[in-house]
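# Architecture at a glance
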Amino acid sequence: MNEINEDEIYLNLYGNTWETNVNNLYDYQSKEIKEFKALIKDKTIIKRKDQEIFEENSNEENNEYIFNIKKSDNEKFIFENNIEINMEQNQENISKINNKLWYVVNKNEKYYITKNDIIKLGRIKYIITEESIYSGDIKYELSIPENASSKINKLNYKKGNPFNLIKEIKVLDNEINNKTQEEKTLCKICYSEEIDSLNNPMVHLCKCKGGLNYAHYGCIKHWMMANLSLRENNDKRVQTYFIPKFNCEICKVPYPYKFKLSKNGNKIYELIDIKRPKNNYIILESLEHIKENLDNNKFIHVINLINEKDIIIGRNNNSDIKINDISVSRVHAKFNFNFNNKSLLITDLHSKFGTLVLIKDKFELKNKECLYIQAGRTLFKAEIIKKRINEEENKINEDKNNISEEAKTSNNNINENELNENNISEKEINNKEENINEINENNMEIV
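Residues numbered from 1 in each chain as written. Predicted model: local features only at pLDDT ≥ 70, side-chain atom pairs only at ≥ 80, totals over all residues. Heavy atoms only, no water.

### Thoughts on the overall build of the protein chain
Regarding its fold elements, the protein chain presents 8 helices and 28 strands. By the burial criterion, 52% of the 447 residues in the protein chain qualify as buried. Of the roughly 21500 Å² of accessible surface on the protein chain, 41% is carried by carbon and sulfur atoms. (Helix = DSSP H or I, 4+ residues; strand = E, 2+ residues; numbered from the N terminus. Buried < 20%, exposed > 50% of the residue type's maximum accessible area, 1.4 Å probe, protein only. Areas by Shrake-Rupley, 256 points an atom, 1.4 Å probe, with all protein chains shown as cover.)

Put into C-alpha cells, the structure is as follows:
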C-alpha cells in the first residue's frame, strides 16, 4: 500500500463481483460475491478476469478492460468512460455498452432523466427517443434542476445519443431502375417495379442481396403493421406497441424504426404508425440485444404525461409498463413527471438486478464525494478521502462488506416467496428466454 501524505487526496475503490455470470447482471441480493479494494494515489487501469478485479500493475494477462482512473489535480480524480456517439445499432455496438460504466439509481433516489438517456432494467435497455413538453403554447425540453443530487444528470444532458436511431439507407430511384424489363429491380414483397421516390421509395433496409435487395417502403410498413399489437394500461396513459418480428423475414436483420434516404435526407420515414398525444409525452424505445439469424422483437412505449401520478414499470400484470422478462422484478421502478420544473424522474423500487443509467462521458469525483457505479456484473463504490493511513485502513476494513447494502437495501423489504422466485440461474434465464415471444404475444391486449 502506498504511503499516504495527509495533505493529498486519495481514491478508495471498492468492488463486488457477482460470481454467477448471467447476462452481465449484478444480483443486489446475492451473497455470492468476490470482493476487491484499492487505495489509488495517482492513476490506474481497472480490469476483470472471471470474478477477479485487478489493477493494471497486477501483471495479469488477458484481463477484460473496464475503465481508467487518473488524478487530474490535487482535488479530483477522473474516470474515463468514453462512449461513441451515433453508433450503428448492431450486435457488436450494443454489446460494447454492457461493460461500460452505468450509474446505479439507489433505492428511493429520484434520478432526473432526459432525451437520449439509456436506462437498463435488469438486462432490458431502453432509450428515450422523443420528448414533447408544453406549457401553454411554449415548448420545453425535459430539464434538470440546479439542485439535482447526481452530477451524472448534467453530464449526460450535454451528450447526444450513443446510437444513430435514424438510419440513412440506400434508395433505388427511377434513373437506376431505367433498364430493360428483364433487368428491372422488383419489390421483393409485391414484385412491382413502380417507384414513388418521395412517398413510397424502393429501399434497402437489410442485408439481402441480388434480386431480394429492395422493397417498397409501403410494403414493409404494411407487413410490420399487420404484426403489430397494441396494449394500453388501465388509465390509458401508456400505449405499448409490440412487433414480434421487427426484422427481414429472410436475412433476419432488424429493421430501423425510423430512417431517411441517402438522397433527399430531410424526410423521416417510420415503419410503425405511432399515435402521439397532443402535448406532454415521451417515447421509450427498446434497445434490444440483436440476435443473429433469429427474430428480433421491438417495443415502443408512448407515455402520456398528463398528471404527476406514478408510472410503474415491472413484470406484474398490473404494471403500467409491463416487461415480460425474468430479469425484471415484479415491481421494478417508476417514472414520475414534475409539472413545475418540467422534469422526469426515475426511482428504483427494490429491484433484484437494479435500475441503471448509462454514463455517456468521462466524469470526475472531488474530495468527500462518493458514487456507486456498475460495469457488467461488478458493482463499484468510489469515494474520495483525505485521511491518514491508519484511519484509512480501518475505514476499508469497516466498509468493504457494505457496498451492496448501501447501494440497495431491498433484502429487508422483499418477502421470502419473491426471493425464492428471483433466485434464478443462467439455465433458468435461458429457458425463460425461449418462451418470451410466446408470452409477449399472449399477454398483449389488442385495442
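### Examining the packing of aromatic side chains
Tallied over the entire structure, the rule returns 11 aromatic pairs. The rings of Phe67, Phe79, Phe363 and Phe380 are connected pair by pair, giving a single aromatic cluster. Sitting over the face of the ring of tryptophan 102, lysine 120 holds its NZ or CZ atom 5.5 Å from the ring centroid. A cation sits over an aromatic face here: lysine 352 above phenylalanine 353, 5.6 Å from the ring centre. (Phe/Tyr/Trp six-rings, centres within 6.5 Å; stacked < 30°, edge-to-face > 60°. Lys NZ or Arg CZ within 6 Å of the ring centre and 35° of its normal.)

### Digging into the environment of lysine 267
Of note, lysine 267 is situated in the loop between strand 17 (258-261) and strand 18 (269-270). The partly exposed category is assigned to lysine 267, whose relative accessible area is 30%. In contact with lysine 267, not counting residues within four places along its chain, are Leu198, Asn199, Phe259 and Lys260. (Contact = heavy atoms within 4.5 Å.)

### Description of the sheet that holds strand 5 (residues 64-73)
The strand order across the open sheet built from 5 strands is 4-3-5-6-26, with neighbouring strands paired in antiparallel fashion. The outermost strands of the open sheet, each flanked by one partner alone, are strand 4 (52-55) and strand 26 (363-366). On average, each strand axis in the sheet is inclined to that of its neighbour by 25 degrees, with strand direction left out of account. Where strand 5 lies against strand 6 (residues 76-80), 5 bridges are found, and the strand directions are antiparallel. Note that in strand 6 the partner of isoleucine 69 across the bridge is phenylalanine 79. (Pairing = 2+ DSSP bridges. Axes fitted to C-alpha atoms, helices over the stretch in contact; angles between N-to-C directions.)

### Observations regarding the sheet that holds strand 13 (residues 202-204)
A sheet is described by the order of its strands in space; here 5 strands give the open sequence 14-13-12-17-18, paired in mixed fashion. Pairing within the sheet leaves two strands with one partner each, and these edge strands are strand 14 (215-216) and strand 18. Two strands pair when backbone bridges link them, and strand 12 (residues 166-172) and strand 13 are joined in this way by 3 bridges, in the antiparallel orientation. Residue pairing for strand 13: leucine 172 is matched across the bridge by methionine 202.

### Considering the pairing of strand 28 (residues 378-385)
Among the 8 residues of strand 28, 8 are classified as buried, and the element is accordingly described as predominantly covered. What you see with strand 28 is no split at all: Thr378, Phe380, Ala382 and Ile384 on one side and Leu379, Lys381, Glu383 and Ile385 on the other are buried throughout. Examined bridge by bridge, strand 1 (residues 10-18) and strand 28 share 8 bridges and lie antiparallel to one another. Residue pairing in the sheet places asparagine 16 in a bridge with leucine 379 of strand 28.

### With respect to the pairing of strand 20 (residues 298-304)
In terms of burial, strand 20 is largely enclosed, as 7 of its 7 residues are buried. Here strand 20 shows no split at all, with Lys298, Ile300, Val302 and Asn304 on one side and Phe299, His301 and Ile303 on the other all buried. One ladder, built from 5 bridges, connects strand 19 (residues 281-286) with strand 20; its direction is antiparallel. In the sheet register, glutamate 285 faces strand 20, and the bridge partner there is isoleucine 300.

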